[in-house]
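Examining the three-dimensional arrangement
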Number of protein chains: 2
Amino acid sequence: MPFRLDVNDPSFPQDFQALLGMKRETTAEVNDAVHAILQDVRLRGDAAVIDYTARFDRMTIDAERLAITAEEVDAALAACPHHLLDSLETAAERIRAYHAKLVPEDLDYVDETGVRLGARWRPVAAAGIYVPGGLAAYPSSVLMNAIPARVAGVKRIAMVVPTPGGEINPLVLAAARICGVDEIYRIGGAQAVAALAYGTETVAPVDKIVGPGNAYVAAAKRQVFGTVGIDMIAGPSEILVVADAANDPRWIAADLLSQAEHDTAAQSILITDDAGFASRVAQAVDELLAKLPRGNIAAESWNTNGAIIVTGDLAQAAPLIDSIAPEHLELAVDDPDALAARVNNAGAIFLGRYTPEAIGDYVAGPNHVLPTARSARYSSGLSVLDFMKRSSLIACDENSLRVIGGHAISLAEAEGLGAHALSVAIRLDVADD
Amino acid sequence: MPFRLDVNDPSFPQDFQALLGMKRETTAEVNDAVHAILQDVRLRGDAAVIDYTARFDRMTIDAERLAITAEEVDAALAACPHHLLDSLETAAERIRAYHAKLVPEDLDYVDETGVRLGARWRPVAAAGIYVPGGLAAYPSSVLMNAIPARVAGVKRIAMVVPTPGGEINPLVLAAARICGVDEIYRIGGAQAVAALAYGTETVAPVDKIVGPGNAYVAAAKRQVFGTVGIDMIAGPSEILVVADAANDPRWIAADLLSQAEHDTAAQSILITDDAGFASRVAQAVDELLAKLPRGNIAAESWNTNGAIIVTGDLAQAAPLIDSIAPEHLELAVDDPDALAARVNNAGAIFLGRYTPEAIGDYVAGPNHVLPTARSARYSSGLSVLDFMKRSSLIACDENSLRVIGGHAISLAEAEGLGAHALSVAIRLDVADD
């Protein structure tokens, strides 16, 4: 049974705090093991990567077989049904079009004092993309991680994907081909992160590593941060659906289950202003669970982490949404824009009754890599900005330096930084000596 | 003596790699101590903060005295020389004007399939700003950290500044007033970071913590990351000056020393195409060192970490710059734009002979909080973006869901995610059941 909260209950404040404070992630203590793997790969390069691949992925390879060849990708592509390739192409084109609109503009202007100022965006030189293997090998994740890098202008994209026992989902390779990623290695785990961060004889190092992974991958990303950039550390998926009684309970039930089926640690929450509707959704969830291929996972997630919150009216939902700061927010109400305007914290907002969250996972265009665990309070989904960095530009001539330089000299002297002051004063011929 | 490298030396590749690999930061092992402090503040709140303040800042205070009052700020303001307040106001106004141009624009459009897509930026609700006390209490840092938050639209800014032995630089409080920061606490160290992240009876928790600090503060920021957002972990300051022989060697020497005087771990590098000019700069450095108030610090930095690289021509500088990825890059050459166009990695670029780096530290307008330790390869200086987050917006109606929904169903089924497929299919009345 999911939690059931009512804002009119005297215990609501405590119940809601308990919901917010729930720890769903069981972080395995893998830091020491990961540290050892990173150091070993740093020291022994390919040889260490090959050893760990044999141990963890049950696969004996040599350095020549670390990379997946173009011929292997060709063969994978040939094995994929045409309609799926078509869907991947459509998804890729839509993701590309949306992300192209997020490319930031450069700035270059001369202000009223004659100082030229600017901001210049450039892509990172090389990005590494981690793609989980096994059950979680999703071709859609390849698109969502690689396309923003491409749109940002990243020249070199290196993808790693473990192939436990030699198996790989051909759609994952097809997705890589569609994104133009042609440097692919059949490695995974902390050893793959180490190879991307430090480089080996076969794998040249990258500047930024993105992509989801298990506890070892997450720990490895945290540990190499500083040597390279990383994206967020993704936690279990979440959805918050705000729905009034005018919705079909089965639609809303399907939406709640679309997150629940990801992972037993996932969390689905319904906020509604109608207690009867809440019960109808709960009943629809139970009916659908019986029919779903991943029904067992979804049931455990829903019964352990799910929640239904009944409010007096939907206007009361906004502050609750901001506190929950959900990864995915669905507003299945008459005027979703009005409610969205009052919300500050959400990774992605799905507006209206005909926008199920799953449409955003595949083909809408925006990224499906989004902030979890309340981090939408301060962070954003993956985008081209994660693959670019900004240099500020400053140019003075003698005149403009004279206009503003005196203030710099004063402040530098007040901070006791004599060389700072001198470097300005000496150019204006006002240095003491 | 600084390192001296020549690109024409056979040993240059190794020498340059050694320069890049230099570890300047001595990271104290403070993680366990910091962890204990964080847990204690989380558990005991104000009482723990007060205990650590007594121990580390030699200052007995009670909960009522944690906050610095408006009257105390008034008194500090009255104690500041007028010309310095004027300089702070000018700096603040210029920083405000520049950062206002970096505020990102929202996106909201309907594409050719009828799907409405968008991206909406909102400020974080509350930001915490750490300002170091003692020697490193720089009013300019208050401006550089607080103003981007204000421009981003952050409603609540809480500043913490340790006041060891009760002392505080009145200019730091004046700078806070000028930025409109009126919530200030006289606390520092890991205990202040904990108070901002978890909240206490007196300090409400924030969503994001920024600002430089010592090893304890840096470790505390790393540890609370996830509970709140953090900015970068700043390392020792760096400057790379590219200068031809047409420069006055003393100007360039002053620029190199303006970073060296920050910290013995700071690094100043000169790249020039003229060996004779290199020697003249080195001589000018030695002459200036004798006169500078922080000459001892600057001398140790220059002699331990400084470097001069002589190239055949300045075109050879671009790849070296990208490898070094300096925090500050000065291009004191005839055509700085041409060289800047070939550079990808630099936190800030100072163009031309009349743009000493120090002008950017105070009054140019761009931020002086910039990526160090080669992280300009993948990260950017502090800006309004650090205090904002983006929600993506997606809205389908029945028609547009019908246009793209089939692809989502196909891909969801291929990934084995039945509820994802169902949530789309059920709305299009194409679900199997």
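Residues numbered from 1 in each chain as written. Chains lettered and ligands numbered in written order. Predicted model: local features only at pLDDT ≥ 70, side-chain atom pairs only at ≥ 80, totals over all residues. Heavy atoms only, no water.

In this section: a negative patch on the surface. A cluster of acidic residues, Glu 105 and Asp 106 of chain A together with Glu 105 and Asp 106 of chain B, forms a negative patch at the surface. One can find Glu 105 of chain B in the loop between helix 5 (82-100) and strand 2 (107-110). Residue Glu 105 of chain B is classed as exposed on the basis of its relative accessible area of 72%. (Patch = residues over 30% accessible without salt bridge, like charges linked within 9 Å, V, L, I, M, F, W, Y side chains within 5 Å. Areas by Shrake-Rupley, 256 points an atom, 1.4 Å probe, with all protein chains shown as cover. Salt bridge = Lys/Arg side-chain N within 4 Å of Asp/Glu carboxyl O. Lys, Arg positive; Asp, Glu negative; His and termini not counted. Charge placed at Lys NZ, Arg CZ, Asp CG, Glu CD. Helix = DSSP H or I, 4+ residues; strand = E, 2+ residues; numbered from the N terminus. Buried < 20%, exposed > 50% of the residue type's maximum accessible area, 1.4 Å probe, protein only.)

With that settled, consider the sheet that holds strand 4 (residues 116-123) of chain A. As summarised here, the arrangement of the 9 strands in space is 3(A)-4(A)-15(A)-13(B)-12(B)-9(B)-10(B)-11(B)-1(B), forming an open sheet in which the pairing is mixed. Two strands in the sheet have a free side with no partner beyond their single neighbour: strand 3 (107-110) of chain A together with strand 1 (3-6) of chain B. Each strand axis lies, on average, 15 degrees off the axis of its neighbour in the sheet, ignoring direction. In the sheet, strand 4 of chain A pairs with strand 15 (residues 388-395) of chain A via 8 bridges, with the strands oriented antiparallel. Each bridged residue has a counterpart across the sheet, and for Ala 119 of chain A the counterpart in strand 15 of chain A is Ser 392 of chain A. (Pairing = 2+ DSSP bridges. Axes fitted to C-alpha atoms, helices over the stretch in contact; angles between N-to-C directions.)

Time to look at the packing of aromatic side chains. Evaluated as defined, the whole model comprises 6 aromatic pairs over all chains. Ring centres of Trp 251 of chain A and Tyr 354 of chain A lie 5.2 Å apart, and the angle between their planes is 70 degrees; on these two criteria the pair is classed as edge-to-face. Highlighted residues: Trp 251 of chain A in helix 10 (residues 249-260) and Tyr 354 of chain A in the loop between strand 14 (348-351) and helix 15 (357-362), separated in sequence by 103 residues. A centroid spacing of 6.0 Å and a plane angle of 5 degrees characterise the contact between Tyr 52 of chain B and Phe 56 of chain B, whose relative ring orientation is stacked. Linking Tyr 52 of chain B with Phe 56 of chain B, this pair stays in helix 3 (residues 46-57), spanning 4 residues, or about one helical turn. (Phe/Tyr/Trp six-rings, centres within 6.5 Å; stacked < 30°, edge-to-face > 60°.)

When the domains of chain A are assigned, the result is domain 1 (31-103 + 122-230), domain 2 (235-378) and domain 3 (396-425). Using C-alpha coordinates to define each centre, domain 1 of chain A is positioned 48 Å away from domain 3 of chain A. (Domains from an automatic or database assignment.)

Residues and elements named next belong to chain A. Following the UniProt record, one finds the feature "active site" (unreviewed entry) at Glu 327 and His 328. On the secondary structure map, Glu 327 appears in the loop between helix 13 (317-324) and strand 13 (328-332). At 3.1 Å, the side chain of Glu 327 forms a polar contact with the side chain of Ser 237. Residue position: His 328 is located in strand 13. What His 328 contacts, discounting residues up to four positions off in sequence, is Ser 237, Glu 238, Ile 239, Leu 240, Gln 259, Ala 348, Phe 350, Glu 357, Asp 361 and Leu 370. (UniProt positions renumbered as here; feature names shortened; annotations may be inferred. Polar contact = N/O pair within 3.5 Å; in protein donor to acceptor, adjacent residues only side chain to side chain. Contact = heavy atoms within 4.5 Å.)

For the pair chain B and chain A, the superposition axis carries a translation of 0.0 Å, the fit reaches an RMSD of 0.0 Å, and the rotation angle comes to 180 degrees. A rotation of that kind, with that shift, is consistent with a two-fold axis. Within chain B, the C-alpha atom positioned nearest to the axis of rotation is that of Pro 104 of chain B, 4.0 Å from it. When the interface residues of chain B are mapped onto chain A, 100% of them again lie at the interface, so the same face is used by both copies. (Least-squares fit on C-alpha atoms with pLDDT ≥ 70 in both.)

Counting residues at the interface gives 119 residues for chain B and 119 residues for chain A. Seen at the junction of chain B and chain A, the total is 10 salt bridges. The closest approach of N and O atoms between Arg 116 of chain B and Asp 337 of chain A, which form a salt bridge, is 2.8 Å. On inspection of chain B and its partner chain A, the count reaches 71 residue pairs in polar contact (both at pLDDT 80 or more). In the sheet, strand 15 of chain A pairs with strand 13 (residues 348-351) of chain B via 3 bridges, with the strands oriented parallel. Among the inter-strand pairings, Ile 394 of chain A is bridged to a residue of strand 13 of chain B, identified as Phe 350 of chain B.

In this structure, Leu 143, Met 159, Ile 184, Ile 252, Leu 256 and Leu 257 of chain B are the most contacted members of the largest nonpolar core, which totals 104 residues. Per-element tally for this core: the top contributor is helix 11 (residues 275-289) of chain B, with 8 residues. Look past the residues within four positions of Met 159 of chain B in its chain and what remains in contact with it is Ile 129, Val 131, Val 142, Val 172, Ala 176, Val 181, Glu 183, Ile 184 and Tyr 185 of chain B. Formed by 103 residues, the second largest nonpolar core is a distinct cluster that contains Ile 129, Leu 143 and Phe 277 of chain A together with Ala 412 of chain B. (Core = buried A, V, L, I, M, F, W, Y, C linked by side-chain atoms within 4.5 Å.)

Right, let's talk about the packing of helix 2 (residues 31-44) of chain A against helix 8 (residues 189-198) of chain A for a bit. Residues and elements named next belong to chain A. Where helix 2 meets helix 8, the axes come as close as 9 Å, and the angle between the chain directions of the two elements is 45 degrees. Here helix 8 runs oblique to helix 2, going by the angle between their axes. By crossing handedness, the relation of helix 2 to helix 8 is classed as right-handed. For the pair helix 2 and helix 8, contact is made by Val 34, Ile 37, Leu 38, Val 41 and Arg 42 and by Ala 190, Gln 191, Ala 194, Ala 195 and Tyr 198, respectively. (Parallel < 35°, antiparallel > 145°, perpendicular 65-115°, else oblique. Left-handed = near helix turned anticlockwise from the far one by under 90°.)

Next up on the list: the side chain of Thr 163 of chain B. Residues and elements named next belong to chain B. Mapped onto the fold, Thr 163 is located in the loop between strand 5 (156-160) and helix 7 (170-178). Take Thr 163: its relative accessible area is 2%, and that puts it in the buried class. Leaving out residues up to four positions away in the same chain, Thr 163 has contacts with Asp 57, Met 59, Ile 168 and Arg 186.

This next bit is on the state of the cysteines. A covalent bond between the sulfur atoms of two cysteines is what we call a disulfide. All names here are of chain A. Scanning the entire structure with this criterion turns up 0 disulfides over all chains. There is no disulfide at Cys 80, and the cysteine sulfur nearest it, in Cys 179, is 13 Å away. Here Cys 179 falls in the buried class, since its relative accessible area comes to 6%. (Disulfide = S-S within 2.5 Å.)

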